[in-house]
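Analysis of the macromolecular model
Residues per chain, in single letters:
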Amino acid sequence: MDLNAPHSMGTTIIGVTYDGGVVLGADSRTSTGMYVANRASDKITQLTDNVYICRSGSAADSQIVSDYVRYFLHQHTIQLGQPATVKVAANLVRLLSYNNKNMLQTGIIVGGWDKYEGGKIYGIPLGGTILEQPFAIGGSGSSYLYGFFDQAWKEGMSKDEAEQLVVKAVSLAIARDGASGGVVRTVIINSDGVTRNFYPSDKLQLWHEELEPQNSLLDILSAASPEPMNI
Amino acid sequence: MASIGTGYDLSVTTFSPDGRVFQIEYAAKAVDNSGTVIGIKCKDGIVMGVEKLITSKMMLPGSNRRIHSVHRHSGMAVAGLAADGRQIVARAKAEAANYESTYGEAIPIKELTERVASYVHLCTLYWWLRPFGCGVILGGYDRDGPQLYMIEPSGISYRYFGAAIGKGKQAAKTEIEKLKLSEMTCREGVLEIAKIIYRVHDEAKDKAFELEMSWVCDESKRRHEKVPEELLVEAKAAAVAALEEMDAD
């Protein structure tokens, strides 16, 4: 096991617009090869009060990009005298991703709310394309979600519908993708501000063929009547 | 202006004892000697007009433009030394293009003005540069609505409802103050500006002039353009008529 292998976020990341804002969601697994380096990472990172990003791919690359963009956006906000728009944030991410495409390996979803355009999601995959989308998915776990979103996504959802969709989707991807796991984190951004939510693994629904979580065998032995294992 | 610099006016890096930089004030005089330039902010956009004094009968109408588009959504009307004005416009275009390639959206008018004003001011800081001998009226329409700014040779810029520079600026400002701009549409504004320019034009001192006008408004789809030909003709006719009516009293 190579513990010096680059940290990669196998990852499932999602960004969804709803009527009034956006919901960003992600899993929490950071892996170094087969070893889970961090099982509770926070892949949803703040750029400004009203713009957040979901990071996937190389952990180092995505952190550096987000640090630079945060710095540029801060300067831009001071010069402009008002909060930056989501579009500007996404464009700055795109310029870094595109101009350094030979060195970087990171897929980013930019999401936020501004007073001109409302809630917006921009997907910026590996080569530095920028695409404004009503919803975006990324990371290794997203492969399992394309069909799901084709069926489950609809225009004009409420905030709660959108968040539930995101949690369900991340949870489904975690079930199938070995490189995604841990907890589900969501960030909701709208005109009222930002709300962070956290869904531990036991709060998530069990999917097909998933087993109930078992505690240590010792608990079973010392219990009054040992529970037989469910198969 | 009565005062002479006498020794304190040789360089733009010299202050006078009473705290003035004479070179900048002299640059402003270059603007005051040029044809009148007016800009107004109507409820649905900006209208700008220039009294383009014609120096030669052989000059082709429509040449020697004094109003330039800086970006899709904004334009500049220049008064003073025309060559200096060209530099300022070029810089404004470059700033607008650069902002758009970095930030992915059209430059807000306020930001554009600050950048251009900074540049004009820059040229008042070094002894090896001279101040620009022109004033600029910048009008644009961005997501915060229509905005009008004026940039002086000193590098000062303010936001205005109505602004005038050049020979007839005092008379023009008086006329503009009479207008109810917040209720006026740009179509009406075009007629009013034409009337004002014709009125402040001094027949005795200056010979012929050509009226150049532009607007950026809802009707022009928020793009900075020359005022359409038929409207310009209508405006000129109305202005001439208003002048005759005034003379007839």
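Only a predicted model underlies this, so the values are computations on that prediction, with no experimental measurement involved.

Turning our eyes to something else, we now look at the overall build of chain A. Within chain A one finds five helices and 13 strands. For chain A, the C-alpha radius of gyration of 19 Å lies close to 17 Å, the compact-globule estimate for 231 residues. Seen through its C-alpha atoms, chain A measures out along the principal axes to roughly 70 × 45 × 30 Å. For chain A, with 231 residues in total, the buried portion stands at 47%. Pairs at least 24 apart in sequence give 62% of the contacts found in chain A among residues at least 6 apart. Carbon and sulfur atoms form 52% of the exposed surface of chain A, whose accessible area is close to 12,200 Å². Within chain A, the 23 negative side-chain charges are centred at a point lying 5 Å from the centre of the 17 positive side-chain charges.

Now for the packing of helix α2 (residues 86–99) of chain A against helix α2 (residues 82–103) of chain B. Angle between the axes and distance between the axes: these two values describe a pair of packed helices. Relative to each other, α2(A) and α2(B) sit at 80°, their axes nearing to 7 Å. The angle between α2(A) and α2(B) places the two elements in the roughly perpendicular class. Contact with α2(A), carried on its side by Lys87(A), Val88(A), Asn91(A), Leu92(A) and Leu95(A), involves Glu100(B), Ser101(B), Thr102(B) and Tyr103(B) of α2(B) and no other residues of that element. Class assignment for the residues of the contact of α2(A) with α2(B) results in four nonpolar, three polar and two charged.

Here we come to the UniProt feature "domain: Proteasome alpha-type subunits" (unreviewed entry) in chain B. When the UniProt feature table is mapped onto this chain numbering, "domain: Proteasome alpha-type subunits" (unreviewed entry) sits at residues 8–30 of chain B. In this annotation, residues 8–30 of chain B is assigned 39% helix and 0% strand; the end-to-end C-alpha distance for the span is 19 Å.

With that settled, consider the pattern of salt bridges. Residue and element names in this part refer to chain B. Here the structure, examined in full by the defined rule, presents 23 salt bridges over all chains. For Glu 212, the salt bridge goes to Arg 65, with nearest N and O atoms at 3.3 Å. A residue pair is termed long-range when its members are at least 10 positions apart, and Glu 212 in strand β9 (residues 209–217) and Arg 65 in the loop between β2 (45–53) and β3 (67–71) qualify at 147 residues. You can call Glu 212 buried: its relative accessible area is 4%. Shared partners join several salt bridges into a network, and the residues in it are Lys 52, Arg 65, Glu 210 and Glu 212.

Turning to a nonpolar patch on the surface, a few remarks are in order. A cluster of nonpolar side chains, contributed by Leu122(B), Leu125(B), Tyr126(B), Trp127(B), Trp128(B) and Leu129(B), occupies part of the molecular surface with about 660 Å² of accessible area. As for its position among the elements, Leu125(B) is in the loop between α3 (109–122) and β5 (134–142).

With that settled, the discussion passes to the confidence of the model for chain B. All names here are of chain B. For chain B, per-residue confidence averages 92 on the pLDDT scale, and residues scoring 70 or more make up 97% of the total. Across chain B, element-level confidence peaks in strand β6 (residues 145–151) with a mean pLDDT of 97 and bottoms out in helix α6 (residues 229–248) with 89. Listed scores for the predicted complex are pTM 0.87 and ipTM 0.83.

Right, let's talk about the side chain of Ser28(A) for a bit. Residue and element names in this part refer to chain A. Along the chain, Ser 28 falls in the loop between β3 (21–26) and β4 (30–32). In this structure Ser 28 comes out as buried when scored by relative accessible area, which is 0%. From its side chain, Ser 28 meets the backbone nitrogen of Val 183 in a polar contact 2.8 Å long. Apart from the residues lying within four places of it in its own chain, the contact partners of Ser 28 are Asn 38, Arg 39, Ala 40, Ser 41, Lys 43, Gly 181, Gly 182 and Val 183.

With that out of the way, let us pick up the sheet that holds β2(B). All names here are of chain B. Read from one edge of the open sheet, five strands run β8-β1-β2-β9-β10, paired in antiparallel fashion. The outermost strands of the open sheet, each flanked by one partner alone, are β8 (162–165) and β10 (225–226). As paired strands, β2 and β9 are joined by nine bridges and run antiparallel to one another. Its bridge partner lying in β9, Met 48 is registered against Ser 214.

This next bit is on the side chain of His73(B). Residues and elements named next belong to chain B. When you line up the elements, His 73 lands in the loop between β3 and β4 (74–80). Given a relative accessible area of 7%, His 73 falls into the buried group. A distance of 2.7 Å separates the side chain of His 73 from the backbone oxygen of Ile 107, its partner in a polar contact. Among residues more than four places away in sequence, those in contact with His 73 are Ala 106, Ile 107, Ile 109, Gly 139, Gly 140, Tyr 141, Asp 142, Val 216, Arg 222 and His 224.

Residue and element names in this part refer to chain A. Sequence positions flagged by UniProt for "active site" (unreviewed entry) are, in local numbering, Thr 11. Residue placement: Thr 11 occurs in the loop between β1 (8–9) and β2 (13–18). Residue class for Thr 11 comes out buried when judged on its relative accessible area of 0%. With sequence-adjacent residues up to four places away left out, Thr 11 is seen in contact with Asp 27, Lys 43, Arg 55, Ser 56, Gly 138, Gly 139, Ser 140, Gly 141, Asp 177, Ala 179 and Ser 180.

Okay, the sheet that holds β3(A) next. Residues and elements named next belong to chain A. The antiparallel open sheet is built from five strands, whose spatial order is β11-β2-β3-β12-β13. Each edge of the open sheet is held by one strand with a lone partner, namely β11 (135–138) and β13 (193–199). Between one strand and the next, the sheet's axes are offset by a mean angle of 15°, whatever the strand orientation. Sitting on the sheet, helix α4 (residues 159–176) touches β2, β3, β12 (184–190) and β13, and the angle it makes with β12 is about 155°.

Residues and elements named next belong to chain A. Following both chains from N to C, one finds helix α1 (residues 59–80) and α2 inclined at 135°, their axes separated by 10 Å at the closest point. As the angle between them shows, α1 and α2 are arranged oblique. Helix-helix and strand crossings are classified by hand; for α1 and α2 the assignment is right-handed. Side by side, α1 and α2 meet where Val 65, Tyr 68, Val 69, Phe 72, Leu 73 and His 76 of the first sit next to Val 88, Ala 89, Leu 92, Val 93 and Leu 96 of the second. A breakdown of the residues in the contact of α1 with α2 according to their chemical character gives ten nonpolar, one polar and no charged.

About the thresholds
- Residues numbered from 1 in each chain as written.
- Chains lettered and ligands numbered in written order.
- Predicted model: local features only at pLDDT ≥ 70, side-chain atom pairs only at ≥ 80, totals over all residues.
- Heavy atoms only, no water.
- Helix = DSSP H or I, 4+ residues; strand = E, 2+ residues; numbered from the N terminus.
- Rg over C-alpha atoms; globule rule 2.2 N^0.38 Å.
- Buried < 20%, exposed > 50% of the residue type's maximum accessible area, 1.4 Å probe, protein only.
- Contact = heavy atoms within 4.5 Å.
- Areas by Shrake-Rupley, 256 points an atom, 1.4 Å probe, with all protein chains shown as cover.
- Lys, Arg positive; Asp, Glu negative; His and termini not counted.
- Charge placed at Lys NZ, Arg CZ, Asp CG, Glu CD.
- Axes fitted to C-alpha atoms, helices over the stretch in contact; angles between N-to-C directions.
- Parallel < 35°, antiparallel > 145°, perpendicular 65-115°, else oblique.
- Nonpolar A, V, L, I, M, F, W, Y, C, P; charged D, E, K, R; others polar.
- UniProt positions renumbered as here; feature names shortened; annotations may be inferred.
- Salt bridge = Lys/Arg side-chain N within 4 Å of Asp/Glu carboxyl O.
- Patch = residues over 30% accessible without salt bridge, like charges linked within 9 Å, V, L, I, M, F, W, Y side chains within 5 Å.
- pLDDT = per-residue confidence, 0-100.
- Polar contact = N/O pair within 3.5 Å; in protein donor to acceptor, adjacent residues only side chain to side chain.
- Pairing = 2+ DSSP bridges.
- Left-handed = near helix turned anticlockwise from the far one by under 90°.

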